[in-house]
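Inside the fold
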Amino acid sequence: MSTLGFFPFLRQALLAGVVGVAGAAAADTGRIQVIFADPAGSYTPYYADLERLTVAAGNSWLQHLAAGTPAVDLTVSIGFASLDTASGRSATSGYVGSTANGSTLWSEGAAHELRTGIDPNGSAPDIEFLIGIDGYLQNELWFDPDPLSRSAAVPGHQTDAMSVLMHEFGHALGFNGWLDAASGTAAGGYLSTFDALVQPMATPLGTALFFTGAQAMAVYGGPVPLTLGNYGHVGNDIAGLGLDLVPDLMNGVVFYRGVRGEISALNLAMLADTGLNLNVTAVPEPGAAMLLLAGLLPMLLVIRQRRRSAPSPLLA
Ligand SMILES: [Ca+2]
Ligand SMILES: [Ca+2]
């Protein structure tokens, strides 16, 4: 993906030690820590809001972890780049094992840490978010004053940053991989735990990729349609290929202005299928009427995740 080009810059900044470190919130708020990869300090006015909502967004996922999950710190590095929206991923991968056909299997680094208690890259940040700076950060994102209650009205002309950050955490926790986005073919002898559950299937509309984890299929009622060309997401704006999933937090079609996204039972089931120890329970879905209403609003924003570089053999 084109956005991969930003990664070396980010890594360079981190290695140079020129990251801004947020305040003492990590100690106060538990498992999510936030640092900023912003060497020139260009976006310091946004740090407090971004940190506050990133912690809340991360905890919105972590609250679903089952008892017995190791207590670990997940460090999120937030950088800024010329993106239309935002992106997120784990910084590295954790080796899980091998598949029946001999491919190596890798989980997102953050998921690996939550599964095993072992941080796969030590003190380096576990998760990387990039926020678009060509107006997205400055004008588009709305920073909820109370991301726990989530009760204030989201302005109709803005996108709820909490929802965006929750979406990006979804990628960092498992909605990611290295398959060819069209064919579903593995790029090499390695698969993410998400990839291992993706299958191409013939449909009346052509071949499409589906997620076939058992828990996800139980929640959805069958194989889960993934977004065409962007398969770390669910749903398509096409009847028969997951039109019903377009309101989902992890959809790859649109993020509406003026509404909030919520972690869905399907999101949790998919991550549970990839190996995270989650309680898969029904959670409220965004109201269909609200989303229909939002559909009348002018701006639809596609969110894309960045794919990590292929796993290094050194990681094994
Ligand atoms: Ca960590
Ligand atoms: Ca780490």
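Residues numbered from 1 in each chain as written. Chains lettered and ligands numbered in written order. Predicted model: local features only at pLDDT ≥ 70, side-chain atom pairs only at ≥ 80, totals over all residues. Heavy atoms only, no water.

Before going further, it helps to examine the coordination of the calcium ion (ligand 2). The calcium ion (ligand 2) binds to the protein through Asp119 (OD), Asp119 (OD), Asn121 (OD1), Gly122 (O), Ala124 (O) and Asp126 (OD), with metal-donor distances spanning 2.2 to 2.5 Å. The site at the calcium ion (ligand 2) holds six donor atoms, and with the angles between them running 53 to 159°, its shape is irregular. Here the donor residues of the calcium ion (ligand 2) are spaced in sequence according to D-x1-N-G-x1-A-x1-D. Metal-to-metal, the separation of the calcium ion (ligand 2) and the calcium ion (ligand 1) is 3.9 Å; aspartate 119 coordinates the two. Look at asparagine 121 and you get partly exposed, because its relative accessible area is 22%. You can call aspartate 126 buried: its relative accessible area is 3%. (Donors = N, O, S within 2.8 Å, 3.2 Å for Na, K, Ca; no water. Tetrahedral: all angles 85-135°; square planar, octahedral: opposite > 155°, others 65-115°. Buried < 20%, exposed > 50% of the residue type's maximum accessible area, 1.4 Å probe, protein only.)

The next subject is the sheet that holds strand β5 (residues 93-98). Pairing in this open sheet of three strands is mixed, and the strands run β5-β6-β10 from one edge to the other. Sheet topology places β5 and β10 (190-192) at the edges, where each strand pairs with a single neighbour. Going across the sheet, the axis of each strand differs from the next one's by a mean of 35°, ignoring polarity. Strand direction decides the pairing type here: β5 and strand β6 (residues 104-108), joined by five bridges, are antiparallel. The residue bridging serine 98 from the neighbouring strand is threonine 104, located in β6. Against the sheet, helix α4 (residues 109-116) makes contact with β5 and β6, and its axis sits at roughly 90° relative to β6, the strand it touches most. (Pairing = 2+ DSSP bridges. Helix = DSSP H or I, 4+ residues; strand = E, 2+ residues; numbered from the N terminus. Axes fitted to C-alpha atoms, helices over the stretch in contact; angles between N-to-C directions. Contact = heavy atoms within 4.5 Å.)

These figures come from the coordinates and say nothing about function on their own.
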